[in-house]
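# Inside the fold
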Amino acid sequence: MKRNETLMGALAAGLITIGFPGHVVKAQGAPRQVEVTAKRFAYAPGEITLKKGQPVVLIIKSEDVAHGLRFRELNLNAKVDKGGSAQLSFIPDKTGDFVGHCSVFCGSGHGAMSLTLHVVE
Ligand SMILES: [Cu+2]
């Protein structure tokens, strides 16, 4: 039965690859997960380096009030409830630095909350 299990594994891997059509993702498996903490008035970490073409999930958790995280250039926006979490799933398709800002007013330092994504080849 070993042989059948190997075949099933190969089929499953094939299905995962089909799940990302048009992208050169070489059987990377699950997306990379990066946890981000949002707290008045900063994100931790404040900078994240990502690889172009590699699927990623940013898991944003609020440690206090409601926050958001928006990357205008990437057309991404998440809102996080007070003490809750939210996810941003995407595949970076261009290199460069992208600065995200808090998109939910959270107090006096709201305008200073930013997170920089460095997308590299
Ligand atoms: Cu804010």
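Residues numbered from 1 in each chain as written. Predicted model: local features only at pLDDT ≥ 70, side-chain atom pairs only at ≥ 80, totals over all residues. Heavy atoms only, no water.

### Concerning the pattern of salt bridges
Applying the stated criterion across every chain yields a total of three salt bridges. Across the pair K39 and E63 runs a salt bridge whose closest N-O atoms are separated by 3.8 Å. Of this pair, K39 sits in strand β1 (residues 32-39) while E63 sits in the loop between β4 (56-62) and β5 (67-71), and the two are 24 residues apart along the sequence. Judged by its relative accessible area of 42%, K39 falls in the partly exposed class. Using a relative accessible area of 52% as the deciding quantity, one classes E63 as exposed. (Salt bridge = Lys/Arg side-chain N within 4 Å of Asp/Glu carboxyl O. Helix = DSSP H or I, 4+ residues; strand = E, 2+ residues; numbered from the N terminus. Buried < 20%, exposed > 50% of the residue type's maximum accessible area, 1.4 Å probe, protein only.)

### Brief notes about the side chain of H118
Secondary-structure assignment places H118 in strand β9 (residues 114-120). Within polar-contact distance, the side chain of H118 engages the side chain of E47 at 2.7 Å. (Polar contact = N/O pair within 3.5 Å; in protein donor to acceptor, adjacent residues only side chain to side chain.)

### Comments concerning the pairing of β1
One ladder, built from seven bridges, connects β1 with β4; its direction is parallel. By the bridge assignment for β4, E35 is matched with I59. Looking at chain direction, β1 and strand β2 (residues 42-44) are connected through three bridges and run antiparallel. Bridge pairing in β2 places T37 opposite A44. Linkage of β1 to β2, two consecutive antiparallel strands, is achieved through a turn of two residues. (Pairing = 2+ DSSP bridges.)

### Looking at the coordination of the copper ion
In the first shell of the copper ion, the protein supplies C102 (SG), V104 (O), C106 (SG) and H110 (ND1), at 1.8 to 2.4 Å from the metal. Geometry at the copper ion is tetrahedral, judged from its four donor atoms and the angles of 87 to 122 degrees they form at the metal. (Donors = N, O, S within 2.8 Å, 3.2 Å for Na, K, Ca; no water. Tetrahedral: all angles 85-135°; square planar, octahedral: opposite > 155°, others 65-115°.)

### Considering unusual backbone geometry
That bond from R40 to F41 is cis: its omega, 0 degrees, falls within 30 degrees of zero. Following A44, the chain continues into P45 via a peptide bond in cis, with omega recorded as -5 degrees. Counting through the fold element by element, P45 comes out in the loop between β2 and β3 (47-51). Positioned with a positive phi, N75 is a non-glycine residue whose angle comes to about 60 degrees. With respect to the secondary-structure elements, N75 resides in the loop between β5 and β6 (76-80).

Geometric descriptors of this kind do not, in isolation, establish any biological role.
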